[in-house]
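Fold and geometry: a report
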Amino acid sequence: MVRPRTRDLTLYRLTGVEPTPYGMLNVLDLAKLDELEVEPQELSLAGAPALWVAGHQEMPLASWCEDAAATTGLNVAFDERRSFGLLMIAVDGGVYAIGYGQGHWWIPDEHKDHGFGIRFAVRRLDPDHVQDVARRRIGARGRTDLTLIPGGMPIWALGIEEQAEVIRRMGGRSRDLKVTFSKADERPVRLEAGVGLSMRFGIWPEDLVADIREIARVCREDEPHPALEFVDHIRPIVDNALVTRLDTRLDELLGHPDTTELVCVVPTPCLPGYAQARRFEVKIGTATQRVDELDVQLIRVRARLQAPGARVTALRKGKIRMFRDAERTHEVGDAAAIKWLEVVLTMGGRRYFLLDGEWYEIDPAYLEDKLNEIVPLFALHPSVELPTRYAGQNEKEYNIDVAEMCDGFLCLDRALLKTKFFAGNGFEACDLLGPGDTLVHVKFAEGASTLSHLFAQGVVATQALLHSDEALRRFKEKVAEVSQGRRQVPEDFRPSKVVFAIHLKTGASLTPKTLFPLARVALANAARVLRTYGIEVEVVGIPAAEGVLAA
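Conventions and cut-offs
- Residues numbered from 1 in each chain as written.
- Predicted model: local features only at pLDDT ≥ 70, side-chain atom pairs only at ≥ 80, totals over all residues.
- Heavy atoms only, no water.
- Helix = DSSP H or I, 4+ residues; strand = E, 2+ residues; numbered from the N terminus.
- Buried < 20%, exposed > 50% of the residue type's maximum accessible area, 1.4 Å probe, protein only.
- Contact = heavy atoms within 4.5 Å.
- Areas by Shrake-Rupley, 256 points an atom, 1.4 Å probe, with all protein chains shown as cover.
- Polar contact = N/O pair within 3.5 Å; in protein donor to acceptor, adjacent residues only side chain to side chain.
- Axes fitted to C-alpha atoms, helices over the stretch in contact; angles between N-to-C directions.
- Parallel < 35°, antiparallel > 145°, perpendicular 65-115°, else oblique.
- Nonpolar A, V, L, I, M, F, W, Y, C, P; charged D, E, K, R; others polar.
- Pairing = 2+ DSSP bridges.
- Phe/Tyr/Trp six-rings, centres within 6.5 Å; stacked < 30°, edge-to-face > 60°.
- Lys NZ or Arg CZ within 6 Å of the ring centre and 35° of its normal.
- Core = buried A, V, L, I, M, F, W, Y, C linked by side-chain atoms within 4.5 Å.
- Left-handed = near helix turned anticlockwise from the far one by under 90°.
- Salt bridge = Lys/Arg side-chain N within 4 Å of Asp/Glu carboxyl O.

Let's shift gears to the overall build of the protein chain. Along the backbone of the protein chain there are 14 helices and 24 strands. Across its three principal directions, the C-alpha atoms of the protein chain cover 85 × 65 × 60 Å. Taking all 551 residues of the protein chain together, the buried fraction comes to 53%. In the protein chain, the share of contacts with a sequence separation of at least 24, taken over all contacts with a separation of at least 6, comes to 67%. Carbon together with sulfur atoms contributes 50% to the accessible area of the protein chain, which is approximately 26200 Å² in total.

Attention shifts here to the side chain of H114. With respect to the element layout, H114 can be found in the loop between β5 (94–101) and α4 (116–124). A distance of 2.7 Å separates polar atoms of two side chains, one belonging to H114 and the other to K339. For H114, the residues in contact, after removing those within four places along its chain, are D109, G194, V195 and K339.

This brings us to the packing of α4 against helix α5 (residues 205–221). The description of two packed helices rests on the angle between their axes and on the distance between the axes. Close contact between α4 and α5 brings their axes to 9 Å; oriented N to C, the two are set at 80 degrees. Between α4 and α5, the angle falls in the class roughly perpendicular. Contact residues: F116, R119, F120, R123 and R124 in α4; I215, R217, V218 and C219 in α5. In terms of residue class, the contact of α4 with α5 is made up of five nonpolar, no polar and four charged.

This part takes up the sheet that holds strand β19 (residues 358–362). The strand order across the open sheet formed by five strands is β11-β19-β18-β17-β12, and the pairing between neighbours is antiparallel. Pairing within the sheet leaves two strands with one partner each, and these edge strands are β11 (234–236) and β12 (263–264).

The way to describe two aromatic rings as a pair is by their centre distance and the angle between their planes. Per the counting criterion, the structure on display carries 10 aromatic pairs. Pairing W64 with F78 gives two aromatic rings, centres 6.0 Å apart and planes at 25 degrees, and the pair type is stacked. Taken as a pair, W64 in the loop between β3 (48–59) and α3 (65–72) and F78 in the loop between α3 and β4 (80–91) lie far apart in primary sequence, 14 residues in all. Every member of this aromatic cluster is reached through a ring pair, and the members are F421, F422 and F427. The aromatic ring of Y12 is capped on one face by K112, whose charged end is 4.7 Å from the ring centroid. Lying over the aromatic face of Y360, R168 brings its terminal NZ or CZ to 5.9 Å of the ring centre.

Turning our attention to the nonpolar core. In this structure, I89 and M199 are the most contacted members of the largest nonpolar core, which totals 53 residues. It is α5 that contributes the most residues to this core, seven residues altogether. Non-local contacts of M199, meaning those with residues more than four positions away in its chain, are made with R7, D8, L9, L177, V179, V189, R190, L191 and I215. Counting residues in hydrophobic clusters, the runner-up holds 47 residues, among them V459, F493, F516 and A519.

Right, let's talk about the sheet that holds strand β24 (residues 536–541) for a bit. Strand order in this open sheet of five strands is β20-β21-β22-β23-β24, and the pairing throughout is mixed. Edge positions in the sheet fall to β20 (410–411) and β24, since each of these pairs with one other strand and no more.

Most of α4 sits inside the fold, with eight of its nine residues counted as buried. Residues F116, G117, I118, F120, A121, V122, R123 and R124 constitute the buried set of α4.

Attention shifts here to the packing of helix α10 (residues 364–374) against helix α14 (residues 517–531). Closest axis-to-axis distance for the α10/α14 pair is 9 Å, and the angle between their directions is 50 degrees. One way to sum up the angle between α10 and α14 is to call them oblique. Here α10 runs over α14; the crossing is left-handed. Contact with α10, carried on its side by Y366, L367, K370, L371, E373 and I374, involves P517, R520, V521, L523, A524, R528 and R531 of α14 and no other residues of that element. Partitioned by chemical class, the residues of the contact of α10 with α14 number eight nonpolar, no polar and five charged.

On to unusual backbone geometry, then. Although it is not a glycine, D92 sits at a positive phi angle of roughly 55 degrees. The topology assignment puts D92 in the loop between β4 and β5. One non-glycine residue, R414, lies in the positive phi region at around 65 degrees.

Right, let's get into the pattern of salt bridges. All told, the structure shown has 40 salt bridges when counted by the stated rule. Ionic pairing is found between E80 and R82, a salt bridge with its closest N-O pair at 3.2 Å. A salt bridge links R169 to E192; the nearest nitrogen and oxygen atoms lie 3.0 Å apart. Here the residue R169 occupies a position in strand β8 (residues 165–174), and E192 occupies one in strand β9 (residues 190–193), the gap between them amounting to 23 residues. Salt bridges sharing common partners tie together R124, E214, R217, R220, E221 and D222.

This is the structure we're talking about:
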């Protein structure tokens, strides 16, 4: 059997584009097309209206020649030609775009559906075979982490903090995907999903249109895989009135010269080009600046020069372009100026995030699901009974008192274990070693971030004891040392239960509903990871003496 021909392509879904050749043409840079003497062509591909744009740009002298000539002392003179092709196609009322060669630079960024690729990935990526992830940590000063695993790895093993990290790109092997490449023998397709979707598409019109239809159907009808649904928990805000209020607040921040809420980030689609960029062109308002380094101060100054109330609009209309050379002859990417900013705002007790130029918040329905997920962790009859916290008592004092007052407890608070892997300060196996060698982690909490750290600490410590012979040996030695030989960890010890003991400094009794919303996500994630090792998780509230509030 002859396999249908396919090709690696990147598909973008466009928004705000009329599904006609005229509508597609209307969003392109017509002046630039005229300059290059390009003549767009209307097509019909398997009954779908389409527009084809192709051409080339010639440079009589390649940008590298002058420097090469200076270095070698030779006459180095070569021309350069960059060709491009852009196919825009309307399938069932949706408009899509595919770039060939340099054609992807012609796709207008403001019309790309930036959630398209990820929306498909959470429905068809195999969660047990993820090969790369780009994630942005909210509020971490623009930090973006790239993780590459050529052999693939389960998503749960990547240590993603669901409450604090936003997935902007994912790649790996597909599952149950019925497209041209796989429909003959159901073999998996390699996916790379971000703003666009990269995979092997059929090259014949009927195959390409059928592949696009199947992708659209998956995004429209199928539910995310349970192991990947957290990726979709950051939802765009569709309330126009709320967006206006957030834009107004951002406009005010842009007017203050010393504001620290603004962070410069690299838009996810620009990450590959940014690694090559040597020159930036910043256009915000009427002025254009060219710089070798890009930072938030430049963006902030340009925005502050705009009239109050018009600053955010200027950022949305402005553009930052990247070039591989100082002469700006080889562009390697661009994005609207606002997409180079990250902002976290709190209004009405809820947190909102500016990501890639759009406002988001954590989906309330997702938080409700996490609430239901953690309810079983709060036992009606806790396996460990902990005493009251008294006024003025800190965590260290409390843990010491528990070990002295309650049978079966050993205080290991700040008894750090140093190993080759934890070579700095070491790690804390637990705050209290409870009856039955239960690992008890104690926290007096005043916010979600404090508890997120507690849950992450519990997972890391448990994994260390499970996977590191050195860590387990140090743990046994520390228990013997602290207990002065009165307590020994069994030779075949393996953590079987982790207890998170929490006192809320707000004065509220600890229940699933009084736990801070973002902390619910962190707890659910930690419990899910620990369950994969067969480890039970329990949450216990530490009562406060009457009249004890935040201290």
